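Structural features, examined
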Amino acid sequence: MLDFNRYFLPDRKIFLDNVQYETLQLPDPGGGRKLNCKDTILAQRSDKWVKINFNRTLTFTPEGVFRLSVTFGALLPFNLRTKDEIDWKEVDLAGAFREHCKPLLTTLMSRTSLLIAQITSSAGQTPLVTPAAPINEPITGKS
């Protein structure tokens, strides 16, 4: 188990990394659409820090209405006193982050959820509120 408090300093930077929003043609009023929500966690490592990106992508099946992708990131500086205790090339950082750093993951997810709600309500529609905390099941819905 990777102890994020031991190997990383508490001085973590959280930032908005990317937003992509594309409106598509309006769906056929008689046809149904399935809303798909996909979460992805990626990790990059340097000698001084680990960068974690949390991405949430919303699409419809069949394609229509909009496509939205929001990515927030966190920069975790290594604790130089303990960094060399682990061979970082052997660690699945994204998986370890998902399993053992729930408070920071929840922060990234909450910010992502809030921004998605703001974007999807920007034209006067009801905001689309996605989960703001980790869940075990895939998110699907019908429109």
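In this convention, every chain numbers its residues from 1, walking through the sequence in written order. Selection of residues for local features in this predicted model requires a pLDDT of at least 70, selection of side-chain atom pairs for listing and counting requires 80 or more, and totals for whole chains, interfaces and linings are taken over all residues. Calculated side-chain values reflect all of the structure's heavy atoms, with hydrogen atoms and water omitted.

Some thoughts on the overall build of the protein
Put simply, the rule reads: Under the scheme used here, helices are H or I runs from DSSP no shorter than 4 residues and strands are E runs no shorter than 2 residues, and both carry numbers assigned from the N terminus. For every residue, the accessible area (1.4 Å probe, protein chains only) is compared with the maximum for its type, and the residue is labelled buried under 20%, exposed over 50%, or partly exposed between those bounds. We call two residues in contact whenever any of their non-hydrogen atoms come within 4.5 Å of each other. Reported accessibility uses the Shrake-Rupley method at a 1.4 Å probe radius. Residues are deemed covered only where the shown protein chains occlude them.
Secondary structure assignment for the protein yields three helices and five strands. Along its sequence from the N terminus, the protein presents helices and strands in the succession α-β-β-β-β-α-α-β. Relative to its full complement of 143 residues, the protein shows a buried share of 37%. Contacts spanning at least 24 positions in sequence make up 71% of the contacts within the protein whose residues lie at least 6 apart. Counting every atom, the protein has about 8,800 Å² of accessible surface; 51% of that belongs to carbon and sulfur.

Examining unusual backbone geometry
Residues T61 and P62 are joined by a peptide bond in cis, for which omega reads -10 degrees. Take P62: it is sitting in the loop between strand 3 (49–61) and strand 4 (66–77).

Structural notes on helix 2 (residues 93–100)
Every buried residue belonging to helix 2 is among L93, A94, G95, A96 and F97, and all of these are buried. For helix 2, the secondary structure elements touched by its buried residues are helix 1 (4–7), strand 2 (34–45), strand 3 and helix 3 (102–120).

Remarks on the environment of R6
Within the secondary structure layout, R6 lies in helix 1. Judged by its relative accessible area of 38%, R6 is partly exposed. Along the primary structure R6 and N79 are separated by 73 residues, whereas in three dimensions their C-alpha atoms are 7.3 Å apart. Those residues in contact with R6, other than ones at most four positions away along the chain, are N79, T82 and E85.

Examining the side chain of N55
Stated precisely, the cut-off is as follows: Throughout this description, a polar contact denotes any pair of N or O atoms lying within 3.5 Å of each other; where both atoms belong to protein, one of them has to be capable of donating a hydrogen while the other can accept it, and for residues adjacent in sequence the pair is counted only when both atoms sit in side chains.
Relative to the helices and strands, N55 resides in strand 3. By relative accessible area, which is 14% here, N55 ends up buried. At 2.8 Å, the side chain of N55 forms a polar contact with the side chain of T57. If near-sequence neighbours (up to four positions away) are discounted, N55 is found in contact with K38, D39, T40, S69, V70 and T71.

Thoughts on helix 3
Applicable threshold: By this rule the span expected of a helix is its residue count minus one, scaled by 1.5 Å.
The end-to-end C-alpha distance of helix 3, which contains 19 residues, comes to 26 Å, matching closely the 27 Å that a straight helix rising 1.5 Å per residue would cover. Among all positions of helix 3, only L104, L105, L108, M109, T112, S113, L115, I116, A117, I119 and T120 are buried. The inward-facing, buried residues of helix 3 abut strand 1 (13–23), strand 2, strand 3, strand 4 and helix 2.

Overview of the layout of surface pockets
Selection rule: Only protein atoms enter the 1 Å grid used here, on which a cavity is any set of points holding a 1.4 Å probe that cannot leave and a pocket is any open set flanked by protein within 12 Å on both sides along at least five of seven lines; residues with an atom within 4 Å of a point are listed as lining. Grid points are joined across faces, edges and corners, and a volume is the space filled by probe spheres set on the points. In this classification, Asp, Glu, Lys and Arg are treated as charged, Ala, Val, Leu, Ile, Met, Phe, Trp, Tyr, Cys and Pro as nonpolar, and every other residue, Gly included, as polar.
Its volume calculated, the second largest pocket comes out at about 250 Å³. If you go around the second largest pocket, the residues you meet are Y21, T23, F66, I119, T120, S122, A123, Q125, T126, P127 and L128. Those elements giving two or more residues to the lining of the second largest pocket turn out to be strand 1 and helix 3. Residues belonging to the lining of the second largest pocket are distributed by class as follows: six nonpolar, five polar and no charged.

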